[in-house]
Amino acid sequence: MNGRTLVLPRPWTRVETATWVAVATGILVAFLTLYPTVMLFYGSVSDAPLGLAGHWTTAHYREAYTDPDTYRILANSLLFASGATAFSMLLATVLAWITVRTNAPGRHLFELIGLAPNVIPRFLVATSWSLVLSPRIGLLNRGVLQPLGLPPLNGYSLGGMMFVEGLVLTPLAFLILSAALRAMDPALEEAGRMAGSGVLDVTRRVTIPVMAPAVLGTATLNFARAIESLDIPVVLGMPVGIEVLSTKIFREALATLPPNHNLAATYAVGQLVMTLTLVGIYRKLTALSERYATITGRGYRPRVINLGPWRYLASGLALGILGLLVVVPLAVLVYVSLVPYYQVPTWEVLGQLTLRHYGFLLQSNRVARALQVSLTLALGGATVAMLLASLVAYFTVHRRMRLSGVLEGLSFVPWAFPGTALAVGLLWAYAQLPLPIYGTLWILLISYVTRFLPYGLRAMTSTMVQVHRELEESSRVCGAGFWGTFRKILLPLVRPGFLAGWAILFTIYIQEFSTSVLLYTPRAEPVGPLLFHLWEDGQVGDMAALGIVVSVLCVVVVAAARRWMREPTAP
């Protein structure tokens, strides 16, 4: 013997380890997604209040669907979602076409629109526009329309809700449509132009028909997102009695005394069925769009359309949309955070600028606790969610086993789960379990990881497919086990996708509202519900200052993540 130790391969042991990890991952994802779904249905057919065992009953469904108000609420929800979807698709289509297919000056600047949802919380967008479009105190009405003798605009209306929700939905539609436009073969448009058609005629007869499946799929997804929206209806609808399905659930679970969690679960089941159907249609349309695929094996570059002198008008139009989405809400928040109390800006008011609202943030223990809770949830939740997403992506992309399809299907469920419905399902789920989770930070962490797992999974899947299996096999030949290969080989190689997903989840978690507002307790109050209560209590300046701090924090995290993504991976 020369002192060397011969390491024999242990293939079966490693296969067993990977299989056990896959099974454990599947059980965990199934528990996170299916258990709240089952308990949500249980709550809707139980005659006992939250936390108690009861008997089966259909009384809550009879109460809900024999009430004429239910159909008024459903009509409001459908009208609200339809208007918001149509408006968002109009803005996104125009912006995507200008950005991708024209020579409009500064078009690369318009790509910033994709970052808007990561910087400004939806709730703050709603409150900002309420300060602009309030018929009594709105900046636009008091500062512009009233001096000109024009009738005021009313943001506290169904039309105002559609307008703001449409703005909030535009970035998602823009990202999907701009990607589809980049993937379109311009040879089809060039053939139309060779036949003598003008730009508008080619757009109408070639571009729009080819893009139709992507447009319809995106519109369906935005419609589903609008149906589950809570932030905008709470700010702009509830104060004037305009109720939609999400605010009805919110009111039954939280804003009535005593709360009726059974009826909230009944309405949440209806909301879940609607969004599941819509997301299913979206997936069908996405699959259908592959039949219209125009990317082939030959190389091509999307042709840029020369708009001539009209390119400046196109840039102005795109800048106007960008202003509505980002500049106006941010400017209003900054202004409100710097004035002693909210009023229309004048030279006299501008001379009274103060930092006292930021001083309030430094002195308030409640703000400090909320920031601590949200940072804990954002740091811990984003890390846990990305590690879980990494495992799911690994087993669905790199391992071909029967469980892969099941994992993929289970990870799809949260994509269709509305925040309010998930929150009610979690209330019923963890009130029944003998675990001290209900009313703690843990239930918020579980809800965040469950609801936004598809976001992390999307980032990890697109990165994992780029890593060839031969690297993993080389590690196994060298004697590394499953965990060693996963930790030392795969995770460093997929670091860019991991960091991108982590940054997205961090910005979502630190400003999350629709799930948190139903699950939090005063002991564990995150930033989202605190912003809502500051708004309700009339502390608009304090709310705006806190919103600015959160937005700056999100910008710093996104910028740091982008920088780390560009750094070379350590050998």
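The coordinates are above.
Residues numbered from 1 in each chain as written. Predicted model: local features only at pLDDT ≥ 70, side-chain atom pairs only at ≥ 80, totals over all residues. Heavy atoms only, no water.

*Asks:* Could you clarify how one ought to interpret the packing of helix 21 (residues 482-493) against helix 22 (residues 495-509) in this entry?
*Replies:* When two helices pack together, their arrangement is given by the angle between the helix axes and by the axis-to-axis distance. Where helix 21 meets helix 22, the axes come as close as 5 Å, and the angle between the chain directions of the two elements is 70 degrees. Taken together, helix 21 and helix 22 sit at an angle that is classed as roughly perpendicular. Contacts between helix 21 and helix 22 involve Leu491, Pro492 and Leu493 from the first element and Arg495, Pro496 and Phe498 from the second. (Axes fitted to C-alpha atoms, helices over the stretch in contact; angles between N-to-C directions. Helix = DSSP H or I, 4+ residues; strand = E, 2+ residues; numbered from the N terminus. Parallel < 35°, antiparallel > 145°, perpendicular 65-115°, else oblique. Contact = heavy atoms within 4.5 Å.)

*Asks:* Can you walk me through the nonpolar core in this structure?
*Replies:* Grouped burial of nonpolar side chains is what soluble globular proteins tend to show. Formed by 151 residues in total, the largest nonpolar core has its most connected members in Leu40, Tyr509 and Leu546. Here this core gets 15 residues from one element, more than from any other, and that element is helix 16 (residues 365-397). Those residues in contact with Tyr509 that sit more than four places away from it in its chain are Leu377, Ala378, Gly381, Ala382, Ala385, Tyr448, Val449 and Phe452. (Core = buried A, V, L, I, M, F, W, Y, C linked by side-chain atoms within 4.5 Å. Buried < 20%, exposed > 50% of the residue type's maximum accessible area, 1.4 Å probe, protein only.)

*Asks:* What should I look at first to understand the packing of aromatic side chains in this one?
*Replies:* Pairs of aromatic rings are described using the distance from one ring centre to the other and the angle between the two planes. For the coordinates displayed, the defined rule picks out 18 aromatic pairs. An angle of 50 degrees between the planes, with centres 6.5 Å apart, marks the rings of Tyr65 and Tyr267 as tilted. Taken together, the residues span a long stretch of sequence, with Tyr65 in helix 2 (residues 59-65) and Tyr267 in helix 12 (residues 261-289) at a distance of 202 residues. An aromatic cluster is defined as three or more aromatic residues linked by ring pairs; in this entry it consists of Phe123, Phe250, Phe513 and Phe532. (Phe/Tyr/Trp six-rings, centres within 6.5 Å; stacked < 30°, edge-to-face > 60°.)

*Asks:* Looking at this model, I keep getting lost on a nonpolar patch on the surface. Mind explaining?
*Replies:* Together, Trp20, Val23 and Ile27 make up an exposed nonpolar region whose accessible area comes to about 340 Å². Inspection of the secondary structure puts Val23 in helix 1 (residues 11-44). Relative accessible area serves as the criterion here: at 32%, Val23 is assigned to the partly exposed category. (Patch = residues over 30% accessible without salt bridge, like charges linked within 9 Å, V, L, I, M, F, W, Y side chains within 5 Å. Areas by Shrake-Rupley, 256 points an atom, 1.4 Å probe, with all protein chains shown as cover. Salt bridge = Lys/Arg side-chain N within 4 Å of Asp/Glu carboxyl O.)

*Asks:* Where do I start with the pattern of salt bridges in this structure?
*Replies:* In a structure, side chains of opposite charge can pair up when their charged atoms sit close to one another. Under the criterion given, the structure shown has nine salt bridges. For Asp69, the salt bridge is made with Arg72, and the minimal N-O distance between the two is 3.5 Å. Placement of both Asp69 and Arg72 in helix 3 (residues 68-101) is noted, with a separation of three residues, approximately one turn of the helix. Here Asp69 falls in the partly exposed class, since its relative accessible area comes to 38%. Here Arg72 falls in the partly exposed class, since its relative accessible area comes to 36%. Among the salt bridges present, the one from Lys248 reaches Glu252, with a minimum N-O distance of 3.0 Å. Pair noted here: Lys248 and Glu252 are both in helix 11 (residues 245-255), with a separation of four residues, about one helical turn. Looking at Lys248, the relative accessible area reads 7%, which means it is buried. Glu252 gets classed as buried once you look at its relative accessible area, which sits at 10%. Overlapping salt bridges bring together Arg225, Glu228, Arg451 and Glu512 as one network.

*Asks:* Looking at this structure, I do not really get the side chain of His357. What am I missing?
*Replies:* Looking at where His357 falls in the secondary structure, it is placed in helix 15 (residues 356-363). Looking at His357, its side chain comes within polar contact range of the main-chain oxygen of Val339, at 2.8 Å. Look past the residues within four positions of His357 in its chain and what remains in contact with it is Val336, Ser337, Val339, Pro340, Gly541, Asp542 and Ala545. (Polar contact = N/O pair within 3.5 Å; in protein donor to acceptor, adjacent residues only side chain to side chain.)

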